[in-house]
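Now for the letters of each chain:
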Amino acid sequence: MAADPRGGAAPFRILEPDGTVVGDADVGLPPERLRDLLRWMVLARRLDRACMALQRQGELTVYPPFEGQEAAQVGSAVALGPEDFVFPSFRELAVALVRGVDAVQYLHYHRGTWHGGPYDPRATRVAPICVPTATQISHAAGYAMGLRKDGSSTCAIAYFGDGSASEGDFHEAANLAAVFRAPLVLFCQNNGFAISVPTSAQTAGEIWRRAEGYGFPGVRVDGNDVLAVYRVTADAVARAHAGDGPTLIEALTYRIGPHTTADDASRYRDESEVERWRELDPIERYRTWLLANDHADDAFVEACEEEAETEVARIRADLVASKPPPTSWMFDWTYADPPAAFARERAGALGDA
Ligand SMILES: Cc1ncc(C[n+]2csc(CCOP(=O)(O)OP(=O)(O)O)c2C)c(N)n1
Ligand SMILES: [Mg+2]
């Protein structure tokens, strides 16, 4: 098995980049759910590219693309139970889609028309988008500790990046969750960069190995292998549901695009590196395997693309036509008894001062 192109331990892998099988490809999913993995990844990529274009057209203010990370996001999200709670960072649109979050509502955040996207976190089991790096890991640990106290058999999953794994919040959350045996999955998408800082410049060790020091299992997985990601996340979720505590997953992947639409990645990395990772494309790898093993045929692949195109066109049209939520909401949901200064501010903002 090939080592991580960035060095270190070889990740757990089921499919090689060319789609050949090197692990047990029976991950326990029936054929229609295997096909769903491709359907989600194709939709996610189309939507991600459309969002980049929407930002360039002035319809979104800023957008953090996730191209290249579709398998890490879809494979892990599909492994969750319906009641499990997701604590995302700001790059998990594909996870949100799989969880049934309305994309137009989600994108209100990037449109600058609302704080966290006005989707309902309780109904969707997806917490609001979280920009302060790694704070969502603490939220997830606290929530998971609460689940344990409630005797719940569900779990929480925190999504974060390689850079966020260097924040104190990661370490505090990992330690607390371990001591309290909280049902938590720590899902690190190591996409090679924290903005312009390569992983090698912000951590001297391997992220997955840190779990041992906290007293729970850590696993490194090929984040561009959707079957492998599904397998390790399903195992981690099963451990959490069974009361066996946290698991740390480091999914090795790569951010093909810029950090956000406000970033020029050519200033800190070579196009040849990006090209090398394009060769490891998660969607192509999985499609090749699905077709070669008769889990899908060309007609299905074509239908996937057509469905995605239609759905993305709908999302784009609905987003562009959508109105921002009323400004009064910002004030209406802040205080039960608004102080006088706040009431003045409200009146000023609403133009009836
Ligand atoms: C507390 C805090 N410090 C700094 C930033 C600025 N910032 C935004 S994203 C980012 C890097 C995050 O890198 P990583 O965790 O690897 O996630 P990725 O962006 O690669 O998905 C930084 C430093 C921030 N949002 N919050
Ligand atoms: Mg990163």
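A brief report on the enclosed structure follows. (Residues numbered from 1 in each chain as written. Chains lettered and ligands numbered in written order. Predicted model: local features only at pLDDT ≥ 70, side-chain atom pairs only at ≥ 80, totals over all residues. Heavy atoms only, no water.)

With respect to the environment of Glu-279
Reasoning step 1: Relative to the helices and strands, Glu-279 resides in the loop between α11 (271-278) and α12 (282-292).
Reasoning step 2: Distance in space between the C-alpha atoms of Glu-279 and Gly-28 is 28 Å, their sequence separation being 251 residues. (Helix = DSSP H or I, 4+ residues; strand = E, 2+ residues; numbered from the N terminus.)

Thoughts on the packing of aromatic side chains
Reasoning step 1: Taken as a whole and judged by the stated rule, the model has 13 aromatic pairs.
Reasoning step 2: Each ring, one from Phe-331 and one from Phe-342, has its centre 5.4 Å from the other, and the planes form 55°; the classification is tilted. Of the two residues, Phe-331 sits in helix α14 (residues 328-332) while Phe-342 sits in helix α15 (residues 340-349), which places them 11 residues apart along the sequence. You'll find Phe-331 and Phe-342 in the same group, each marked buried.
Reasoning step 3: Within the aromatic cluster, the residues linked to one another by ring pairs are Phe-193, Tyr-254, Tyr-268 and Trp-277. (Phe/Tyr/Trp six-rings, centres within 6.5 Å; stacked < 30°, edge-to-face > 60°. Buried < 20%, exposed > 50% of the residue type's maximum accessible area, 1.4 Å probe, protein only.)

Focus: the coordination of the magnesium ion (ligand 2)
Reasoning step 1: Surrounding the magnesium ion (ligand 2) are the protein donor atoms Asp-162 (OD), Asn-191 (OD1) and Phe-193 (O), which sit 2.1 to 2.2 Å from the metal.
Reasoning step 2: Exposure remark for Asn-191: the relative accessible area of 5% places this residue in the buried category. (Donors = N, O, S within 2.8 Å, 3.2 Å for Na, K, Ca; no water.)

What to know about the site of ligand 1
Reasoning step 1: Near ligand 1 there are 15 residues, and of these Arg-91, Gly-163, Ser-164, Asn-191 and Phe-193 occur at the shortest range.
Reasoning step 2: At 3.0 Å from an oxygen atom of ligand 1 is found a side-chain nitrogen or oxygen belonging to Asp-162.
Reasoning step 3: Contact between ligand 1 and Phe-193: an oxygen atom at 2.8 Å from a main-chain N or O atom of the residue.
Reasoning step 4: Calculation on ligand 1 without its partners gives an accessible area of 580 Å², and the protein chains cover 70% of this total.
Reasoning step 5: Given that more than half its atoms are within 2 Å of the pocket grid, ligand 1 belongs to the largest pocket.
Reasoning step 6: For the shell around ligand 1, the class distribution of residues is 6 nonpolar, 6 polar and 3 charged. (Near = heavy atom within 4 Å. Polar contact = N/O pair within 3.5 Å; in protein donor to acceptor, adjacent residues only side chain to side chain. Areas by Shrake-Rupley, 256 points an atom, 1.4 Å probe, with all protein chains shown as cover. 1 Å grid on protein atoms, 1.4 Å probe; cavity = no way out; pocket = protein on both sides within 12 Å on 5 of 7 lines; lining within 4 Å. Sits in = over half its atoms within 2 Å of the grid points. Nonpolar A, V, L, I, M, F, W, Y, C, P; charged D, E, K, R; others polar.)

Here's the deal with the layout of surface pockets
Reasoning step 1: Empty space within the largest pocket amounts to approximately 470 Å³.
Reasoning step 2: The wall of the largest pocket is formed by 28 residues, among which Phe-90, Arg-91, Thr-133, Ser-164 and His-259 lie closest to the centre.
Reasoning step 3: Mapped onto the lining of the largest pocket, the elements with two or more residues apiece are α4 (103-111), β2 (156-161) and β4 (193-194).
Reasoning step 4: Arg-6, Gly-7, Thr-199, Ser-200 and Gly-205 are, among the 16 residues lining the second largest pocket, the residues nearest its centre. (Points joined across faces, edges and corners; volume = space filled by probe spheres on them.)

Comments concerning the packing of helix α1 (residues 31-56) against helix α2 (residues 70-78)
Packed helices, taken two at a time, are described by the angle between their axes plus the distance between the axes.
Reasoning step 1: Remark: α1 packs on α2, axes separated minimally by 10 Å, with the N-to-C direction vectors making an angle of 135°. As the angle between them shows, α1 and α2 are arranged oblique. In the crossing of α1 with α2, the sense of the turn from one axis to the other is right-handed. Along the contact surface, α1 presents Arg-33, Leu-37, Trp-40, Met-41, Ala-44 and Arg-45, while α2 presents Glu-70, Ala-71, Val-74 and Val-78.
Reasoning step 2: A per-class count over the contact of α1 with α2 returns 7 nonpolar, no polar and 3 charged. (Axes fitted to C-alpha atoms, helices over the stretch in contact; angles between N-to-C directions. Parallel < 35°, antiparallel > 145°, perpendicular 65-115°, else oblique. Left-handed = near helix turned anticlockwise from the far one by under 90°. Contact = heavy atoms within 4.5 Å.)

Focus on the environment of Val-101
Reasoning step 1: As for its placement among the helices and strands, Val-101 is situated in the loop between α3 (93-98) and α4.
Reasoning step 2: Sequence separation between Val-101 and Ala-349 is 248 residues; the distance between their C-alpha atoms is 30 Å.
Reasoning step 3: Residues within four places of Val-101 in sequence aside, it is in contact with Ala-96, Tyr-106, Tyr-119, Thr-124 and Val-126.

Considering a nonpolar patch on the surface
Reasoning step 1: The grouping of Leu-176, Val-179 and Phe-180 at the surface amounts to a nonpolar patch, some 270 Å² of accessible area in total.
Reasoning step 2: On the secondary structure map, Leu-176 appears in helix α7 (residues 168-179).
Reasoning step 3: You can call Leu-176 partly exposed: its relative accessible area is 40%. (Patch = residues over 30% accessible without salt bridge, like charges linked within 9 Å, V, L, I, M, F, W, Y side chains within 5 Å. Salt bridge = Lys/Arg side-chain N within 4 Å of Asp/Glu carboxyl O.)

What about the side chain of Glu-70?
Reasoning step 1: With respect to the helices and strands, the residue Glu-70 is situated in helix α2.
Reasoning step 2: With residues up to four places along the chain from it excluded, the contact list for Glu-70 reads Met-41, Ala-44, Arg-45, Gly-75, Pro-282 and Ile-283.

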